[in-house]
Each structure stands twice: as C-alpha cells, then as structure tokens.
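These are the residues of each chain, in order.
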Amino acid sequence: MTAKAAARTSTGRVRSSNEDAFGLRLEHGIYIVCDGMGGAAGGEIASRMAADVVLERMSAEPGELSRREQLHEAIAEANRLVLERAEREPGLYGMGTTLVALLLGADAGAGPALVAHAGDSRCYLLRGGELKRVTQDHSLVDEQIRLGTMTAEEAARSPFRSVITRAIGTQPSVTEDVLKMEVAQGDVFLLCSDGLTREVDEDVIARVLGAGDDLERAAQTLVDAANEAGGRDNVTAVVVRIE
Ligand code: CA
C-alpha cells in the first residue's frame, strides 16, 4: 500500500494571522495539524514549533524505540520545547498548541496506524463511504457532552467552546491520547483544525472526502467551504488516502 496526501491552510476571513500549522512527510508516514493559541505571535510560534519538532523526530531512526514510543517521545519533546520558550520570552508567555498526528505503518500505510492528539484538532476517517470521528476533543464542552450534562447544540453556542483541556506547551507534561488502528486500501484520513469543524457539517466533510480521488481538490474544497460559511477562524485540512 502507498499513501497520497494534500494539505491546505487559510487564515480565514476574520483573523489577521494564521496560527494553524501543518506538516507531512510521506516517506516517514507522518502527518500533523497544530492549532496555536496565546496571542498572534505566540500561537504561530507554538504551532510551528510543535509540528516541526514532531516531524523531525519521526523522520529520525527510531533506534531501540517502538514507533509508538518514538511518537510519544516526539510529543513530549515538543511540549518541553514550547513550554521552555514560552517561559523564556515574556511576549510568548502562555502560548501553546493543539496537536493531532497520524503515523502510518513504516511501509507507506502497511501495518497499523497510530493517531495521537491533544486538544480539539481532529482526525476523521472515511471508510466505505462512512465518516467516523477518530478523536475525542479535549475540550470543556466535549467532556460535558460525554458526561451528558450538555447537548451538542448547547456546546456549539457555549462561550466556553474554545476552552481546551489538554495542549502542547502549557504544562510541564502532556498526556496525549493514542489510538492504534488497522488501515485498509481506500481509507481517507482527514486531520483538521476546529476552524473547519465549527463551520462545516460532518455530512459535507464526508461528501467532499468521498467525491473522488483528487486530494488537492478535496483539501481546497474543505477550506473553501469553511471560508464560505464565515471563515471565523484559521482553517487547516490535511487529507491522506491509502492506495
Ligand atoms: Ca482554531
């Protein structure tokens, strides 16, 4: 099996800077979306740093580590480096970022994939025409939905909907969720920031991802749809297909 990918990001129609970052290295099977926070400068720096650190670490030889351990170490290092810089530079105090990463098996998609995340950037999987959300948001409102104390409609309107409960670079350590899953030919993964999922319904996302094999067009169509719906936040989409 091989993998193909395309990515798009947009500042959106309201914000003046893009604090999202993405990265991908097909030859190492690693794909990342980060959504920074903590003021324009801080948000941009945190997301770029985290994406770059994880990309670099996952491009290196794993040595004694399993791929899962290597990914864990990479995320821990990103957390440490972002936090250190935030504490060193007063203008960057409080910066942090979400992170969602897809790690395919060593042989371009063969073997199980790992999906790791902290925060409310998401991973979706389209398989057999059906869209499934792979990640659960680490956000105040998502936790309340899971506890049954808030409905999805209430969450969408909540003033606290942007409050995330886990992030890279805001605490001395971070616990990412990691999911291991088998991949199959034809699987389409989407990594995205909340600027997409707040503006575009999941049935639209499913339709776009299932519309054909032009991944560049799919990524562009998703970003365009978010902007057409208001573009109130930065929006990023990384689309990966197993072939
Ligand atoms: Ca965002």
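Residues numbered from 1 in each chain as written. Predicted model: local features only at pLDDT ≥ 70, side-chain atom pairs only at ≥ 80, totals over all residues. Heavy atoms only, no water.

## Side note on the sheet that holds strand β10 (residues 188-192)
What counts here: Only when DSSP finds a minimum of two bridges between them are two strands counted as paired. What counts as a helix is a DSSP run of H or I of at least four residues, what counts as a strand is a run of E of at least two, and both are numbered from the N terminus. For helices, the fitted axis covers only the stretch in contact; all axes are lines through C-alpha atoms, and the angles between them, taken along N-to-C directions, range from 0 to 180 degrees. Should any heavy atoms of two residues lie within 4.5 Å, those residues are considered in contact.
An order of β1-β11-β10-β7-β8 is seen for the five strands of this open sheet, with the pairing classed as antiparallel. Strands at the two margins of the open sheet, each flanked by one partner only, are β1 (3-10) and β8 (130-133). The mean inter-strand angle of the sheet, taken between neighbouring strand axes irrespective of direction, is 15 degrees. Note that β10 and strand β11 (residues 235-242) share five bridges and pair antiparallel. Paired with L191 across the two strands is V238, which belongs to β11. Taken strand by strand, helix α7 (residues 215-228) contacts β1, β10 and β11, and its axis lies near 25 degrees from that of β1.

## Observations concerning the side chain of T98
Quick reminder of the rule: When accessible area is computed with a 1.4 Å probe and restricted to protein chains, residues below 20% of their type maximum are described as buried, those above 50% as exposed, and intermediate ones as partly exposed. Two N or O atoms count as a polar contact when they lie within 3.5 Å, although within protein this holds only if one can serve as hydrogen donor and the other as acceptor, and sequence-adjacent residues are included solely when both atoms are side-chain atoms.
As for its placement among the helices and strands, T98 is situated in the loop between β4 (96-97) and β5 (99-103). Since its relative accessible area comes to 2%, T98 is described here as buried. Side-chain polar atoms of T98 contact the backbone nitrogen of D35, separated by 3.0 Å. Looking at T98, its side chain comes within polar contact range of the side chain of S121, at 2.6 Å. Setting aside residues up to four positions removed in sequence, T98 forms contacts with V33, C34, D35, A118, G119, D120, S121, I164 and I168.

## Some remarks on the nonpolar core
Heads up, the condition is: Grouping buried Ala, Val, Leu, Ile, Met, Phe, Trp, Tyr and Cys residues that are joined through side-chain atoms within 4.5 Å yields what is termed a nonpolar core.
Membership of the largest hydrophobic core comes to 28 residues, with the highest contact counts inside it found for I30, I32, V54, L71, I75, L99 and I168. Of all the secondary-structure elements, those providing two or more residues to this core are β3 (30-37), α1 (40-59), α2 (67-88), β5 and β6 (113-118). In terms of residues, this core owes the most to one element, α1, which gives eight residues. Setting aside residues no more than four positions away along its own chain, I30 makes contact with G23, L24, R25, V54, L55, M58, L71, A101, L102 and L103. Counting residues in each nonpolar core, the second largest holds 22 residues, with L126, A219, L222 and V235 among its members.

## Some thoughts on the pairing of β5
Counting buried positions over the five residues of β5 gives five, a clear majority of the element. Burial of the side chains of β5 extends over both faces: L99, A101 and L103 are buried on one face and V100 and L102 on the other. In this structure, β3 lies alongside β5, joined through four bridges in antiparallel fashion. By the bridge assignment for β5, I32 is matched with A101. By the bridge criterion, five bridges tie β5 to β6 in an arrangement that is antiparallel. Across the sheet, residue V100 finds its bridge partner in β6, namely H117.

## Some remarks on the pattern of salt bridges
We count it as follows: Salt bridges are defined as contacts in which a side-chain nitrogen from Lys or Arg sits within 4 Å of a carboxyl oxygen from Asp or Glu.
In this structure the tally under the stated criterion is 21 salt bridges. For D52, the salt bridge is made with R48, and the minimal N-O distance between the two is 2.9 Å. Residue D52 and its partner R48 are located together in helix α1, separated by four residues, close to a single helical turn. The partner of R122 in a salt bridge is E202, and the shortest N-O contact between them spans 3.8 Å. With R122 in strand β7 (residues 122-127) and E202 in helix α6 (residues 202-209), this pair connects stretches of sequence that are 80 residues apart. Connected via shared salt-bridge partners are R122, R133, D137, D142, R146 and E202.

By themselves, these are just geometric observations and shouldn't be taken as functional.
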